[in-house]
Amino acid sequence: MANDSTVVPASSAELETIVAMTRRTRRQLAQWAPTYFNPATGADEMHAGFLGFLVDSEDHSTKVVCAPSGAVIGFFVEIEQDGHLWVDDLSALGSEELPLVVHAVARALDTPWVTCIAALDAKRRAALTSIGAEVISTYWARSLEELPTNLPPSVPNSSEAIDVAPGLAARHTFGGRPFAADAPGALIVSTEDGGAVGSASVSPPIYDPGGPTTVVDRITGTDRAAIVRQAMDAAAQRGDAQLVIVSASEDKELAEVARQCGFEPVVELVGIETITAAQSG
């Protein structure tokens, strides 16, 4: 694909265009996953202020993609995480500019990187696939509102069997590293042959799925469906409105378990694991 677009540091002069692009992306996300990506009250103003802070900050890396004419056609934020660079808020002026933006980003980065896309975003997936990116993991979400909340909390027998399994955690951008079983507020389910580890309850500032969310990045054992149900009960008991399970792309069994337990795929983590000369130049 012929592409003379360039990637340069963002400046406050482009902020109005950046805000408009990210706002358009957020509207589309809400159509694809209306609960997971439900905009919080005041999200537009809050995110615009946050973007202004990022662009003006010397401690954060924000970039714009410019067409040969100099017009801004894309935007993204670079966030360093363990093992990869997270390309966040990847936005394009429109669907026609999206492939140009993706190819420009791929040429500009010389380190393994990932980005998140809506599971229903076929155009973005196609654009990323065209530059060699692959799906690394999937985020599955389920509301917990209809679950009973009078259940006893899930008490682990021991966290040792789970704590030695961070290598089994699916990749994600929630901190960019496996959740620690001994972290404050961590959700733990433990059985004789496996269990699950999840995050503390969190309430994203930009999106409001109806209340706090817990993210689980590893589920082990012979009866993973039972462990998922225990995780759901434990999360509901502590007041979470939503549970998110992250499954590695090769973990077809967990993907099927998630479907059977009423979860829906909402986000895919897509990335470039190895940089080649063709991708970077």
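Criteria and cut-off values
Residue numbers here run from 1 along each chain, matching the order of that chain's written sequence. This being a predicted model, a pLDDT of at least 70 is required before a residue's local features are given, and a value of 80 or more before pairs of side-chain atoms are given or counted; all residues contribute to the totals for chains, interfaces and linings. In computing side-chain values, all of the structure's heavy atoms are included and hydrogens and water are not. Among buried residues, those of type Ala, Val, Leu, Ile, Met, Phe, Trp, Tyr and Cys that are joined through side-chain atoms within 4.5 Å constitute a nonpolar core. The classification of residues rests on relative accessible area computed with a 1.4 Å probe and restricted to protein chains. Under 20% of the type maximum is buried, over 50% is exposed, and intermediate values are partly exposed. Numbered from the N terminus, helices here are DSSP runs of H or I no shorter than four residues, and strands are runs of E no shorter than two. We define a salt bridge as a contact between a side-chain nitrogen of Lys or Arg and a carboxyl oxygen of Asp or Glu at a distance within 4 Å. Residue count minus one, scaled by 1.5 Å, sets the expected span of a helix. We call two residues contacting when some pair of their heavy atoms lies within 4.5 Å. For helices, the fitted axis covers only the stretch in contact; all axes are lines through C-alpha atoms, and the angles between them, taken along N-to-C directions, range from 0 to 180 degrees. With respect to orientation, any angle under 35 degrees is reported as roughly parallel, any angle over 145 as roughly antiparallel, any angle of 65 to 115 as roughly perpendicular, and every other angle as oblique. Helix crossings fall into two classes, left-handed where the near helix is turned counterclockwise from the far one by less than a right angle and right-handed where it is turned clockwise. Each pair of strands is called paired provided DSSP finds at least two bridges between the two strands.

Draft legend 1. Summary view of the nonpolar core. Core analysis: the largest hydrophobic core is formed by 25 residues, its most contacted members being Y36, F37, Y139, V244, V266 and V267. Those elements that place two or more of their residues in this core are β5 (113–118), β6 (134–143), β10 (242–248) and β11 (264–272). Listed in part, the 24 residues of the second largest apolar core include A235, A236, L243 and F263.

Draft legend 2. Structural view of the pattern of salt bridges. For the structure on display, the rule yields 12 salt bridges. Where R26 meets D44, a salt bridge forms, and the shortest distance between an N and an O atom there is 2.8 Å. With R26 in helix α1 (residues 15–32) and D44 in helix α2 (residues 43–56), the pair connects residues that are 18 residues apart, well separated along the chain. Since its relative accessible area comes to 16%, D44 is described here as buried. One connected set of salt bridges, linked through shared partners, spans R23, R26, R27 and D44.

Draft legend 3. Up close: helix α6 (residues 224–237). With 14 residues, α6 extends 20 Å from end C-alpha to end C-alpha; this agrees with the ideal 20 Å at 1.5 Å per step. With 10 of its 14 residues buried, α6 lies for the most part within the structure. For α6, the set of buried residues is R224, A225, A226, I227, V228, A231, M232, A234, A235 and A236. Those residues of α6 hidden inside the fold are in contact with β6, β7 (187–191), β8 (194–198), β9 (213–220), β10 and α7 (252–260). Among the residues trailing α6, G239 stands out with phi positive, at a value near 100 degrees.

Draft legend 4. The arrangement of the packing of helix α3 (residues 98–108) against helix α4 (residues 122–129) in detail. It is the contact of α3 with α4, at a shortest axis distance of 9 Å, that shows an interaxial angle of 40 degrees. Taken together, α3 and α4 sit at an angle that is classed as oblique. Between α3 and α4 the crossing geometry is right-handed. On the side of α3, the interface is formed by L98, P99 and V102, while α4 contributes K123, R124, A127 and L128.

Draft legend 5. Representation of the sheet that holds strand β1 (residues 6–9) within the structure. Spatially, β1-β2-β3-β4-β5-β11-β6-β10-β9-β8-β7 is the arrangement adopted by the 11 strands of the open sheet, whose pairing is mixed. The open sheet terminates on both sides in strands that have one partner only, identified here as β1 and β7. Taking the axes of each pair of neighbouring strands and ignoring which way they run, one obtains an average angle of 25 degrees across the sheet. The pairing of strand β2 (residues 61–66) with strand β3 (residues 72–81) spans 6 bridges and is classified as antiparallel. Following the sheet pairing, C66 is matched in β3 by V72. Each of β1, β2, β3, β4 (84–92) and β5 touches α3; the most contacted strand, β4, lies at about 155 degrees to it. Packing of α7 onto the sheet brings it into contact with β6, β9, β10 and β11, and relative to β10 it is tilted by some 155 degrees.

Draft legend 6. Spatial organisation of the side chain of T22. With respect to the helices and strands, the residue T22 is situated in helix α1. Of the residues examined, T22 reaches a relative accessible area of 4% and is grouped as buried. When neighbours within four sequence positions are excluded, T22 is seen to be in contact with H47, L51, F75 and S91.

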